[in-house]
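# Descriptive structure summary
Now for the letters of each chain:
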Amino acid sequence: MKNSRICGLALRFNYDNPEDFRSELRSIYEQEDLSREEIGMLLALDFAYSSTFDEAREFDSSDTDLKLLAEGVYSLSYFYARNSEDKIAYLVSKLAVDHIARECEREQEINLKILHMMTSFEMGFGEETLLLFEELMKLEKYVPVQKRFEYYNDLGLVSTQLQTGGNPLRFYEKAKELAGSPVRTLMVQLNMIDYLYSKNMFKEALKLLEKTESCNVVSINGYKLMINLKILLQMSNLARAAAVADQLESLIRSYGEWTDIAVSYIFLGHFYVKIGNISKAQNYLNLLKSLPDESLTNYIRGETLILEASIMQVKGEHFRALENSVGAFETLTLYSTTSPHLKDFVNNLFGSISAVFTQLIRELRLKDSYTALHTLRVLKICYEFGKELGLEKIDLFNLSIGAMLHDYGKVDIPFDLLNKPSTLTEEEFTEIMNHPVYGERYLRDLNFPKAIRDIVRHHHERIDGNGYPDGLKGDQIHKLVQIVAVADVFDALTTDRPYRKAITKEKALEYLKEKGDQLISKGLLSRFIRFAQHKEIIIQEKEITALWRSIISELFK
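Everything in this summary refers to the structure shown in the same document. Here the structure is a predicted model, which is why all the values come from computation and not from measurement. (Residues numbered from 1 in each chain as written. Predicted model: local features only at pLDDT ≥ 70, side-chain atom pairs only at ≥ 80, totals over all residues. Heavy atoms only, no water.)

### Describing the packing of aromatic side chains
This is how it is decided: Ring pairs are drawn from Phe, Tyr and Trp, using the six-membered ring of Trp, whenever the two centres fall within 6.5 Å, and their geometry is named by plane angle: stacked under 30 degrees, edge-to-face over 60, tilted for the rest. Accessibility here uses a 1.4 Å probe with only protein chains present; expressed as a share of the type maximum, an area under 20% marks a residue as buried, one over 50% as exposed, and anything in between as partly exposed. In this scheme, Lys NZ or Arg CZ marks a charge over a ring once it lies within 6 Å of the ring centre and within 35 degrees of the ring normal.
Tallied over the entire structure, the rule returns 22 aromatic pairs. Consider the rings of Phe 271 and Tyr 272, whose centres lie 5.0 Å apart with planes at 70 degrees: the pair is edge-to-face. In terms of burial, Phe 271 and Tyr 272 fall into one category: buried. Members of the aromatic cluster, each reached through a chain of ring pairs, are Phe 13, Phe 21, Tyr 49, Phe 53, Phe 79 and Tyr 80. Sitting over the ring of Tyr 197, Lys 230 keeps its end group 4.5 Å from the ring centre.

### Points about the pattern of salt bridges
Rules: Throughout this description, the term salt bridge denotes a Lys or Arg side-chain nitrogen within 4 Å of a carboxyl oxygen of Asp or Glu. Only runs of H or I of at least four residues qualify as helices and only runs of E of at least two qualify as strands under DSSP, and these elements are numbered from the N terminus.
All chains considered together, the criterion is met by 26 salt bridges. In this structure, Glu 71 and Arg 36 form a salt bridge, with 3.1 Å as the shortest nitrogen-oxygen distance. Of this pair, Glu 71 sits in helix H4 (residues 66-82) while Arg 36 sits in helix H3 (residues 36-53), and the two are 35 residues apart along the sequence. The exposure class of Arg 36 is partly exposed, given its relative accessible area of 45%. Measuring nitrogen to oxygen at the nearest pair gives 3.6 Å for the salt bridge that ties Lys 94 to Glu 128. Taken together, the residues span a long stretch of sequence, with Lys 94 in helix H5 (residues 86-99) and Glu 128 in helix H7 (residues 126-138) at a distance of 34 residues.

### A word on unusual backbone geometry
Cis geometry is adopted by the peptide bond preceding Pro 469, which originates at Tyr 468 and carries an omega value of 10 degrees. With respect to the secondary-structure elements, Pro 469 resides in the loop between helix H24 (450-458) and helix H25 (479-493). Although it is not a glycine, Gln 163 adopts a positive phi angle of roughly 50 degrees. Within the fold, Gln 163 resides in the loop between helix H8 (148-162) and helix H9 (169-177). Taking relative accessible area as the criterion, Gln 163 reaches 57% and is therefore assigned exposed. In the Ramachandran plot, Ser 236 falls in the positive-phi region, its phi being about 55 degrees despite a non-glycine side chain.

### Structural notes on H8
To keep things clear, this is the line we draw: A helix's residues, less one, multiplied by 1.5 Å, set its expected span.
Compared with the 21 Å implied by 1.5 Å per residue over 15 residues, the 21 Å span of H8 between its first and last C-alpha is a close match. Most of H8 sits out of view: 14 of its 15 residues are buried. Backbone geometry just after H8 places Gln 163 at a positive phi near 50 degrees.

### A closer look at the nonpolar core
As a rule of thumb, nonpolar side chains are buried together in soluble globular proteins. Heads up, the condition is: What makes a nonpolar core is a set of buried Ala, Val, Leu, Ile, Met, Phe, Trp, Tyr and Cys residues whose side-chain atoms join them at distances within 4.5 Å. Whether two residues are in contact is decided by their heavy atoms: any pair within 4.5 Å suffices.
If you look at the biggest cluster of nonpolar residues, it comprises 73 residues, and the most contacted ones within it are Met 117, Leu 136, Leu 190, Leu 229, Ile 231, Phe 267 and Ile 300. Ignoring sequence-local partners within four residues, the contact set of Met 117 consists of Thr 129, Leu 132, Phe 133, Leu 136, Asp 154, Leu 155 and Val 158. Among the nonpolar cores identified, the runner-up in size contains 54 residues, and Phe 385, Phe 397, Phe 490 and Phe 531 belong to it.

### A few points about the packing of helix H20 (residues 393-405) against H25
We count it as follows: The axes are straight lines fitted to the C-alpha atoms, using for helices just the contacting stretch, and the angles between their N-to-C directions are given from 0 to 180°. When an angle is under 35 degrees it counts as roughly parallel; over 145 it counts as roughly antiparallel; between 65 and 115 it counts as roughly perpendicular; any other value is oblique. The hand of a helix crossing depends on one turn: near helix anticlockwise from the far one by less than a right angle means left-handed, and clockwise means right-handed.
One can describe the packing of H20 onto H25 by two numbers: an axis separation of 10 Å at closest approach and a directional angle of 40 degrees. One element, H20, and the other, H25, form an angle in the oblique class. In this structure, H20 meets H25 at a crossing whose hand is right-handed. For the pair H20 and H25, the contacting residues are Asp 395, Asn 398, Leu 399 and Ala 403 in the first and Leu 480, Ile 483 and Val 484 in the second.

### Side note on the side chain of Gln 108
You can see Gln 108 is positioned in helix H6 (residues 106-123). Ignoring any residue separated from it by four or fewer positions in sequence, one finds Gln 108 in contact with Leu 66, Lys 67, Ala 70 and Glu 71.

### Regarding helix H15 (residues 278-289)
What sets the pattern is the α-helix's 3.6 residues per turn: residues three or four places apart point alike. Short version of the rule: Directions pointing from the helix axis toward each C-beta atom define the arc.
With 12 residues, H15 should cover 16 Å at 1.5 Å per step; its first-to-last C-alpha distance of 16 Å lies within 8% of that length. If you check which residues of H15 are buried, you get Ile 278, Ala 281, Tyr 284, Leu 285 and Leu 288. Considered in projection along H15, the buried side chains sweep an arc of 120 degrees and stay on one side of the axis. Residues of H15 that are buried in the fold lie against helix H13 (238-254), helix H14 (261-274) and helix H16 (298-314).

Don't take any of this as a statement about function, it's just geometry.
The following block contains the structure:
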């Protein structure tokens, strides 16, 4: 579709007011010598704009040729997809499926449903994509001959990512039989290679890739290079990966815009992380972050988070990196071809985090063995209670780390003072009260997220305002902080200390029932008491690695 006025109007879809939009629509219709496709695009623009913004149609719907409108909607949605306007492409295809598909002939209904399945897929809407996939599977015998290549290829793509419909290769093989051109055949072969990659069959994927021909289509050549690069990265063949990266960068320099350029930025970024060139990796991350919001699918957003996490990991920002990767995992649940490099990254990250925690516990144990084991018990109490509360994954992650480190500031308190068996002087108690400040300062220097630092600094704050160090009260104290605060008190009451013996769990819970609403909110307190009544928390220092592996694996289910 070459009419520049129609293209310009389509790209102003979200920005024109109704009067201006309808005026330009009518002007183009009356002044231009239009082809059938262009008239269909105008009808589709009118239909989509009026349906989206609840405006009157410029063209009377009773006079609209339904077949022409369906053709126009199809062309318009593809126009938006080609121009990286995936949200509007999805909107247009959804309007068509919701409002006109059922009234169309079977062939056009299938066309519109295939279109909407793929725009839903690009947006990361798994349930909607799966629903359309299942509908289209039942319509196989009605698919017109000229649509069968697209039908099978698209079913293969969705089957690969949603891991549904059996073996995706059966769809791709049918698509290859119907390709009818070298370019289409190559496109299907590359999709098959991506499927093998998603199943960790890297040698098989590379072997098939080496058999594929080149072509003159820039986007397909770029897709081929990008797949080649990500396979070589998984195989740790950095020498060959360097040559492919050089070719891919040359293609990007020669052609400023093509379909998968954002994905190329992602894997070029990972390549430079692997070889230790963080400045170039950061450059590709910056390019991804500078992309307009309307061109960002869930896939690109999730992959961008992984690349950023990889860079953070190299810089030693392990906890921010894990926080990023949790967000990426949730964003990319739909995309199985992401699995290999995301899972590898998480495994490597776990090793770094486990080592950091082991060292922190070792330092605490050297200073004060009670505090080390107390810390582990509070961690386990908070983790189990957080799961029972149904916390979001990232909140559970932050809660666990905050609980683990809540008393870390005690490494700066003299041993004799921490274990003094008699009453503390006012000056000594003031020094003890500084440990949350010491701990928060330490974590700030290590680039820990604010949510974790807040737990460390505020776990002695009280809902009635009588806590320390900042005298917070009520809603000023975050829910995660309150959880650590009550777990901290509960464990302190039920374990021996130099200056007093432990009390029973029953007495500790009675104390919380009587005094706990000065500590945390009443609703959270009652939940904690019910939880503690039926839960026994026993932990040894040697369990730390297994516990953290459990916590982190929970994040990535």
